[in-house]
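Chain by chain, the residues run as shown.
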Amino acid sequence: MTQPTAEHVGLLLREARGEKGWTQGQLASELGTSQSAIARMEQGKQNLSLRMIERLESIFGRTIVKVGKRQMTHLRVEGGRTLSGSVDVNSSKNAGVALLCASLINRGTTTLRRLARIEEVNRIVEVLTSIGVECTWLNGNDLRIRRPETLDLASMDVEAARRTRSVIMLLGPLLDEAASYQLPYAGGCDLGTRTVEPHMQALRQFGLSVEAKSGFYSVQAPPADGDNRTFVLTERGDTVTENAIMAAAHRSGTTVIRNASPNYMVQDLCFYLQRLGVVIDGIGTTTLKITGRPAIDVDIEYFPSEDPIEAMSLITAGIVTNSEVTICRVPIEFMEIELATLEQMGQKLDISGEYFARNGRTRLVDVTTKPSRLRAPEDKIHPMPFPGLNIDNLPFFAVIAGNAEGQTMIHDWVYENRAIYLTELNKLGAQVQLLDPHRIYVNGPTKWRGAEVGCPPALRPAACLLLAMLAARGTSELRNIYVIERGYEDLAERLNTIGAKIEYFQD
């Protein structure tokens with residue numbers, strides 16, 4: 001099928017907006033972008049990602065354009081521009097995925113407000129829909145979820161499930177859904193061997209039996225019981241903790257989980273479950289006490305909190321372009337170490353007073369970056385479990401260190417090969433030296449220069465390349481951005497609202 005031109009799509013978009021009776025400003029507000037971005041779309045000056053087309057079609061309730069087989073989407077970046085203005089942080093990808101899985105516990109209607117419409121979320125929605133869950137997008141980014149009395153687990157969309165590692169998080173909410181069923185092996189980012197054994201160790205505490213067979217996990221449900229149980233997680237992992245919490249939430253009795261992750265997505269999940277009537281003590285600590293409810297039927301709406309990883313991405317954009325930019329709605333509890341590290345490197349930041357997120361629990365601030373002269377930190381930069389520096393925020397310091405005087409060591413002890421992907425920054429002029437699969441030296445300052453680079457198969461290193469391209473003189477191309485779309489909603493469009501010049505294109 002012939003692919004539609006940007007001009008043709010722009011014409012159809014104008015027609016759809018006209019039928020709705022909206023101004024460009026109204027459509028921009030609905031999409032969370034700028035009026036100038038809508039104008040570029042309608043003038044055919046901006047190619048749209050398939051995800052953006054899907055969002056527009058959801059808003060207008062009609063087909064904007066029919067496309068054939070998916071083509072790879074790329075980004076073209078005109079770098080070296082100074083950014084300005086303000087941009088809001090979107091809701092958390094990781095919290096959103098957990099909440100989608102947790103909605104299966106509820107026999108009532110769950111409406112998730114301002115949910116990030118990213119590829120990772122789309123894959124989980126596809127999986128839920130395939131097993132009989134009614135998922136309806138309302139007003140752009142609100143998702144209404146209604147599950148049937150009995151889930152059709154045998155009809156699960158295997159292809160969608162294999163494209164996301166998050167499918168492993170269905171084990172907790174599906175704990176005793178059926179006597180036996182199969183779940184496809186988890187996929188997602190290529191970050192080396194991230195074993196699922198910690199999940200299995202946690203869920204065995206509830207009597208769940210899981211055996212790996214021919215590309216599937218073969219699951220045997222535990223018998224019903226009202227037992228109290230206490231156990232220790234041998235790995236303080238976020239998704240492992242979430243799986244254990246979801247299993248405990250719909251079992252009778254009280255479960256105590258020690259060495260639990262208190263990270264942002266875990267807290268959001270707990271806030272949601274509390275709204276369902278599950279009693280949870282110790283939120284924000286490493287010991288959780290959960291008194292479950294075996295039958296939950298509640299109509300609820302919930303706002304996932306803002307994403308600290310996206311917040312760090314946007315802050316990095318301001319820093320590497322030496323710009324004054326305000327990033328609004330930053331979840332400060334989960335960013336304090338990152339901001340303190342930046343200030344130790346000489347980065348000037350203005351931080352507003354605190355206010356609450358829409359969930360009424362998470363504390364937010366606005367952070368303004370100021371043009372600064374950076375220096376390498378005296379010690380290495382490395383992640384730690386919350387409240388330490390977040391493992392997913394660590395890669396952004398490779399880009400930031402590229403702007404700093406001196407040599408910075410970055411130690412990613414969690415993933416076997418993510419540090420290797422950060423050496424791709426060298427194609428843009430960086431001086432990144434790989435010491436081993438976990439450690440790099442970054443020597444600065446960098447004279448960033450434009451280049452054509454393919455996206456690595458890992459989300460955060462791919463985003464780092466895009467951010468470095470903002471600082472690189474000349475024009476850069478980032479090829480095959482699907483991995484970025486897995487974790488960010490309209491990142492390019494939103495960077496454009498603060499002065500970047502990024503456009504989508506396809507071969």
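Residues numbered from 1 in each chain as written. Predicted model: local features only at pLDDT ≥ 70, side-chain atom pairs only at ≥ 80, totals over all residues. Heavy atoms only, no water.

Novice: Help me understand the environment of A244, please; the structure alone is not making it clear to me.
Specialist: One can find A244 in helix α9 (residues 238-249). Given a relative accessible area of 0%, A244 falls into the buried group. Remark: the alpha-carbon pair of A244 and A154, spanning 90 residues in sequence, is separated by 24 Å. Ignoring anything within four residues of it in the chain, the contact list for A244 reads A202, F206, F231 and I257. (Helix = DSSP H or I, 4+ residues; strand = E, 2+ residues; numbered from the N terminus. Buried < 20%, exposed > 50% of the residue type's maximum accessible area, 1.4 Å probe, protein only. Contact = heavy atoms within 4.5 Å.)

Novice: I keep staring at the sheet that holds strand β12 (residues 287-291) and nothing clicks. Help me out?
Specialist: To summarise the sheet geometry, strands pair through backbone hydrogen bonds and adopt either a parallel or an antiparallel arrangement. Pairing is mixed in the open sheet, where 4 strands are placed in the order β9-β10-β12-β11. In this open sheet, the two edge strands, each paired with only one partner strand, are β9 (229-232) and β11 (279-281). Direction aside, neighbouring strands of the sheet carry axes that sit 15 degrees apart on average. Sheet topology note: the β11/β12 ladder contains 3 bridges and is antiparallel. When the sheet's bridge partners are listed, I280 is paired in β12 with I290. (Pairing = 2+ DSSP bridges. Axes fitted to C-alpha atoms, helices over the stretch in contact; angles between N-to-C directions.)

Novice: I would appreciate a short explanation of empty space enclosed by the protein in the present structure.
Specialist: Rolled over the atoms, a probe with the dimensions of a water molecule shows which regions are left empty. Per the stated rule, a full pass over the model turns up 4 cavities of 30 Å³ or more. Of the voids in this model, the largest cavity is the one considered here, and its volume is about 50 Å³. Lining the largest cavity are 10 residues, with I481, I484, L491, A492 and Y504 sitting closest to its centre. Those elements that provide at least two residues to the lining of the largest cavity are α16 (482-487) and α17 (491-496). Per-class residue counts for the lining of the largest cavity are 8 nonpolar, no polar and 2 charged. (1 Å grid on protein atoms, 1.4 Å probe; cavity = no way out; pocket = protein on both sides within 12 Å on 5 of 7 lines; lining within 4 Å. Points joined across faces, edges and corners; volume = space filled by probe spheres on them. Nonpolar A, V, L, I, M, F, W, Y, C, P; charged D, E, K, R; others polar.)

Novice: Could you clarify how one ought to interpret the packing of helix α5 (residues 93-102) against helix α10 (residues 264-275) in this entry?
Specialist: A pair of packed helices is characterised by two quantities: the angle between their axes and the separation of those axes. In contact at an axis separation of 8 Å, α5 and α10 are set at 35 degrees when each is read in the N-to-C sense. The interaxial crossing formed by α5 with α10 has right-handed handedness. Along its contact with α5, which presents N94, A95, A98, L99 and A102, the element α10 presents Y264, M265, D268, L269 and Y272. Residues of the contact of α5 with α10, tallied by class, amount to 8 nonpolar, 1 polar and 1 charged. (Left-handed = near helix turned anticlockwise from the far one by under 90°.)

Novice: Teacher, can you tell me more about the packing of aromatic side chains here?
Specialist: In the structure shown here, the tally under the stated rule is 4 aromatic pairs. With 5.7 Å between their ring centres and 85 degrees between their planes, F206 and F231 make a pair best called edge-to-face. Of this pair, F206 sits in the loop between α8 (197-204) and β7 (209-213) while F231 sits in strand β9, and the two are 25 residues apart along the sequence. For the pair F206 and F231, one class covers both residues: buried. With a centroid separation of 5.0 Å and 45 degrees between ring planes, the pair formed by F334 and F386 is classed as tilted. Within this pair, whereas F334 is found in the loop between β14 (324-331) and α12 (336-344), its partner F386 is found in the loop between β17 (363-370) and α13 (396-401), the two being separated by 52 residues in sequence. For the pair F334 and F386, one class covers both residues: buried. By way of ring pairs, the aromatic residues Y264, F334 and F386 are connected into one cluster. A cation sits over an aromatic face here: R162 above F216, 4.9 Å from the ring centre. (Phe/Tyr/Trp six-rings, centres within 6.5 Å; stacked < 30°, edge-to-face > 60°. Lys NZ or Arg CZ within 6 Å of the ring centre and 35° of its normal.)

Novice: How should I be thinking about the pairing of β14 in this particular structure?
Specialist: Consecutive side chains of a regular strand alternate in pointing toward one face of the sheet and then the other. Most of β14 is tucked away, with 6 of its 8 residues classed as buried. For strand β2 (residues 84-88) and β14, the ladder comprises 5 bridges, and the chain directions are parallel. What sits directly across from S84, in β14, is E324. Examined bridge by bridge, β14 and β17 share 5 bridges and lie antiparallel to one another. Paired with V330 across the bridge in β17 is V365.

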